[in-house]
Amino acid sequence: MCRLDGRIDSLGMYVLLSDYNFDEETRCKKHRKIKIEQGNDLSYNEFLNIYMSNNEPVLIDGLTENWKVRREWVNISNDNVNENSAIIEKPDLLKISHLFGEDVVPVHIQKGISFSQQFSSSTRTNRKVEMTVSEYAKWWYNNNADERNLENSNDIDILYLKDWKFVSNHAKYNLYHCPIYFKDDLLNETFDDAYRFCYIGPRGSCTFLHSDVFSSYSWSANICGLKRWYLIPPEFTFLVRDVFGQNLAPHLFHNFGLEYNTLFPGLSLVQHYAIHVLQKSHQTIFVPSEWHHTVENLQDTLSVNHNWINSTNVAWAWSKLYDQFQNTLMLNDDYQTSLSNNKQFHHQMEIFEHDLFLFWLMVSKNLKQDIKFFDKPNATRIRDISLQYNNVLSLLPILEGIESIINKNNEIYFRLDTTKLISYEISNLLIQSRKCLIKTNDDSGI
Ligand SMILES: O=C(O)CCC(=O)C(=O)O
Ligand SMILES: [Fe+2]
């Protein structure tokens, strides 16, 4: 099993930080390349056993050819300016806006267009606003000129349309088919497709260093354009945090000078351990849990992506949430007397309560489904494929964990009324699922 978070090691590692202090196995991970698979040749079980279970990234070719988004949202033209008359593919904002112009979407306004400037300039900002797709399309055609000189336009705003929850609003449009590898999805089944997104980004737009929500997996299919990814294996996360293992560096290739380098001494090293990926159209990337990454659109790019959780990564997601809870409690114990820390404690506790509630919804909903499923061994739901990982088995310890947190802390910390409901439902669900497991074990002679 991989280590998901190197935070605890960070101070210790920094004391002796150098490439040479890594053991042989770690040093061998330098300049690793991502594997490329052909969609036709990769079975679900191979994807599960080689990539999902080992938490390893992969690029899969050729999943998108027949998708509607590819047929109808991409404008294909000939480059008549250059002699070799290459084919140019771009997001067809005219068409998209004609069809869905009234949708309100999140747009990130970014400053400073060239990546070299972006990574060396402290002025780059990322402000999020909402606008309609037709307003975005207007901006696209008025400002996103092909001839834009990236090196000299750092004063111009660049607008990146991100996290458009297209499927949850227009499921019937059938924009694309979720590839079989990513269908086993507890997250979107629970939250009505809320983690299924569409991205439209002009050349020069980017996504800053982050890892994905709830330690989920993500996949992203490039419909047209070109993306550059830097993926950081979780055992090197400490290299992108400050010396105290707390804050994340804003960028990977950033140089703010001596003071900054002292605060983030790992950045010079992490470049060797980050996996560099150029993702072309028709390629789909699998980003494993807790791999930090940055993404840059090197051309005007259209992509679809999902975050998802299933029984292979749900325990990691839970342990991250649990850590967050322990850290919050420590905040309270350590600084009982300090008012500002008390405020911080309550703020963190609110965030935790919210996440715990979402987690509870996900676990309980799927447990209920799976318990029913146990009675019908020939069911054909897609999730049956990974039943070897048995969702009841992987979700049950989480339910127990939630129960113990709520029982122990109900009086002291939690204010949510829902916790009462949760604790009542948990007891019932635990009784049922344990019965169900005993029955299954008896039937199978275990
Ligand atoms: O394409 C992007 O800009 C970001 C995508 C991303 O972060 C992801 O798929 O996890
Ligand atoms: Fe991401």
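To be clear, the structure that these remarks concern was listed above.
Residues numbered from 1 in each chain as written. Chains lettered and ligands numbered in written order. Predicted model: local features only at pLDDT ≥ 70, side-chain atom pairs only at ≥ 80, totals over all residues.

A.B. asks: Which residues make up the environment of Y424, and what values go with them?
C.D. replies: Secondary-structure assignment places Y424 in helix α15 (residues 418-443). Spatially, the C-alpha atoms of Y424 and E403 are 9.6 Å apart, while their sequence positions differ by 21 residues. (Helix = DSSP H or I, 4+ residues; strand = E, 2+ residues; numbered from the N terminus.)

A.B. asks: I'd like a description of unusual backbone geometry, backed by residues and values.
C.D. replies: Leaving glycine out, the prevailing phi sign among residues is negative, and the prevailing peptide bond configuration is trans. Unusually for a residue other than glycine, N55 sits at a positive phi of about 55°. Looking at N55, the number of C-beta atoms within 10 Å reads 21, which means it is buried. Phi at N174 is positive, roughly 50°, even though this residue is not glycine. Topologically, N174 is positioned in the loop between α8 (166-169) and α9 (186-190). (Buried ≥ 20, exposed ≤ 12 C-beta atoms within 10 Å, placed from the backbone.)

A.B. asks: Mind laying out the pairing of strand β6 (residues 126-132), listing which residues take part and the relevant values?
C.D. replies: Counting buried residues in β6 gives zero out of seven residues, a small share hidden from the surface. The sheet contact formed by strand β5 (residues 104-111) and β6 spans seven bridges and is antiparallel. Paired with V104 across the two strands is T132, which belongs to β6. (Pairing = 2+ DSSP bridges.)

A.B. asks: Please set out the environment of N327 residue by residue, giving values where relevant.
C.D. replies: By the element assignment, N327 lies in helix α12 (residues 314-334). Each C-alpha atom of the pair N327 and F345 lies 9.7 Å from the other, and the pair is 18 residues apart in sequence.

A.B. asks: Report on the pairing of strand β1 (residues 35-38), specifying residues and quantitative values.
C.D. replies: Relative to strand β2 (residues 58-61), β1 runs parallel, the two sharing four bridges. Residue pairing in the sheet places E37 in a bridge with I60 of β2. Read from β1 through helix α3 (residues 44-52) to β2, the crossover connection turns out right-handed. (Right-handed = clockwise from strand over helix to strand, strands pointing away.)

A.B. asks: Summarise the site of ligand 1; cite the residues concerned and give the values.
C.D. replies: The local shell around ligand 1 consists of Y199, T207, D212, S218, S220, V287, V295, S303 and N305. Elements represented by at least two residues in the shell around ligand 1 include exactly β10 (217-224) and β15 (301-308). Of the residues assigned to the shell around ligand 1, the class counts are three nonpolar, five polar and one charged. (Near = placed C-beta within 6 Å. Nonpolar A, V, L, I, M, F, W, Y, C, P; charged D, E, K, R; others polar.)

A.B. asks: Before we move on, could you go through the sheet that holds strand β14 (residues 292-297) and cite the residues and values that matter?
C.D. replies: Taken in spatial order, the four strands of this open sheet run β9-β14-β11-β12, and their pairing is antiparallel. Edge positions in the sheet fall to β9 (206-210) and β12 (275-280), since each has one partner strand and no second. Each strand axis lies, on average, 15° off the axis of its neighbour in the sheet, ignoring direction. Relative to β14, β9 runs antiparallel, the two sharing three bridges. If you follow H210 over to β14, its bridge partner there is H293. (Axes fitted to C-alpha atoms, helices over the stretch in contact; angles between N-to-C directions.)

A.B. asks: Describe the sheet that holds strand β7 (residues 157-164), and please don't skip the residues or the numbers.
C.D. replies: Strand order in the open sheet formed by nine strands is β1-β2-β13-β10-β15-β8-β7-β5-β6, and the pairing between neighbours is mixed. Each end of this open sheet is capped by a strand with a single partner; those strands are β1 and β6. Across this sheet, the average inter-strand angle for adjacent strands is 25°, counted without regard to direction. Where β10 lies against β15, seven bridges are found, and the strand directions are antiparallel. Residue pairing in the sheet places N222 in a bridge with S303 of β15. Contacting β5, β6 and β7, helix α7 (residues 133-143) runs over the sheet at an angle of about 115° to β6. (Contact = placed C-beta atoms within 7 Å.)

A.B. asks: Which residues make up the packing of helix α5 (residues 93-100) against α7, and what are the values?
C.D. replies: Relative to each other, α5 and α7 sit at 160°, their axes nearing to 9 Å. By the angle between their axes, α5 is roughly antiparallel relative to α7. The element α5 and its partner α7 pack so that their crossing is left-handed. Here L93, L94, I96, S97 and F100 of α5 lie close against α7, whose contacting residues are V133, S134, A137, W140 and Y141. Class assignment for the residues of the contact of α5 with α7 results in eight nonpolar, two polar and no charged. (Parallel < 35°, antiparallel > 145°, perpendicular 65-115°, else oblique. Left-handed = near helix turned anticlockwise from the far one by under 90°.)

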